[in-house]
Amino acid sequence: APVVGVLALQGDVREHLAVLRALGADARPVRRPEEISAIDGLVIPGGESSVIDKLARAFGVQQSLRDRIADGMPVYGTCAGLIMLADEIRDAIAGQQSLGGLDVVVRRNAFGTQLDSFETDIAMPELGDEPVHAVFIRAPVVESVGEGVEVIGRLDDGRIVAVEQGPLMGTSFHPEVTGEHRFHARFLQKVADSVASHAR
Ligand code: GLN
């Protein structure tokens, strides 16, 4: 069975492991280069992107992660994880780097103080008829997307909060905390497809 890693440097690692395992995946926390070379897909959790970035460099995994992303490994990032996947970050802290791969511009902490955290239902036909109950916690928004990026979720005001680009997925919100399993299921399908295409 494919092995799925959850980047375990900082953030809500356990919640992602629980969803992935509930879906039957062989999921494990990863934080070292040799662990990253042994996985078939990766989830980057929510948390604080500037901390995840610093620790990724301190643990010497930034390059391994960039290499695996460039190689086409499926990766799903939620919130801070989406920021890590973005090619460009606005309102980054000084010196903050992303891994990149997803051709989007994201803005950190894009919602004002009153909306620091909020919940809303969002229609996402790609995931089925049932709307997604989305929890936003000091969340980023996607301010622009490149040609190859598919927008799968928008707020009522049009702001982009869920995207997909080939094997990469990102959401501004946290399906891992609400019992929403469809994003992880979609991600696991990408992992299965990617493993099958390598075996051919
Ligand atoms: N504000 C955080 C950041 O910039 C993201 C918050 C989250 O992941 N819930 O990384």
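Residues numbered from 1 in each chain as written. Predicted model: local features only at pLDDT ≥ 70, side-chain atom pairs only at ≥ 80, totals over all residues.

### Here's the deal with the UniProt feature "active site" (unreviewed entry) in the protein chain
When the UniProt feature table is mapped onto this chain, "active site" (unreviewed entry) is found at Cys79, His174 and Glu176. Across 98 residues in sequence, these annotated residues keep their C-alpha atoms within 10.9 Å of one another, forming a single compact spot. The topology assignment puts histidine 174 in the loop between β12 (168-171) and α6 (182-199). Apart from the residues within four sequence positions on either side, histidine 174 is in contact with Gly46, Thr78, Cys79, Val135 and Ile137. For glutamate 176, the location among the structural elements is in the loop between β12 and α6. Exposure remark for glutamate 176: the 28 C-beta atoms within 10 Å place this residue in the buried category. (UniProt positions renumbered as here; feature names shortened; annotations may be inferred. Helix = DSSP H or I, 4+ residues; strand = E, 2+ residues; numbered from the N terminus. Contact = placed C-beta atoms within 7 Å. Buried ≥ 20, exposed ≤ 12 C-beta atoms within 10 Å, placed from the backbone.)

### A word on the site of the ligand
Every residue near the ligand is listed here: Gly46, Gly47, Glu48, Ser49, Cys79, Ala80, Ile83, Arg108, Asn109, Ile137 and Arg138. In terms of residue class, the shell around the ligand is built from 4 nonpolar, 4 polar and 3 charged. (Near = placed C-beta within 6 Å. Nonpolar A, V, L, I, M, F, W, Y, C, P; charged D, E, K, R; others polar.)

### Remarks on the environment of proline 33
Inspection of the secondary structure assignment puts proline 33 in helix α2 (residues 33-36). With 16 C-beta atoms packed within 10 Å, proline 33 lands in the partly exposed category. The spacing of proline 33 and phenylalanine 59 is 26 residues in sequence and 8.1 Å in space, taken between C-alpha atoms. Non-local contacts of proline 33, meaning those with residues more than four positions away in its chain, are made with Gly60, Val61 and Ser64.

### Notes on the UniProt feature "binding site: L-glutamine" (unreviewed entry) in the protein chain
Taking the UniProt record as the reference, the feature "binding site: L-glutamine" (unreviewed entry) is found at Gly47, Glu48, Ser49, Arg108, Ile137 and Arg138. Spanning 92 residues, the named residues nonetheless gather at one spot, since no C-alpha pair among them exceeds 12.7 Å. For glycine 47, the position within the fold is in the loop between β3 (41-44) and α3 (49-58). Taking the C-beta count within 10 Å as the criterion, glycine 47 has 22 such neighbours and is therefore assigned buried. The contact partners of glycine 47, leaving out residues within four places of it in the chain, are Gln10, Gly11, Asp12, Ile52 and Ala80. The residue arginine 108 is located in the loop between β6 (102-107) and β7 (117-122) in this model. Accessibility expressed as a C-beta count within 10 Å gives 21 for arginine 108, which makes it buried. Sequence-distant contacts of arginine 108, that is, excluding residues within four places in its chain, are made with Ser49, Ile83, Ile89, Arg90, Asp91, Ala92 and Pro140.

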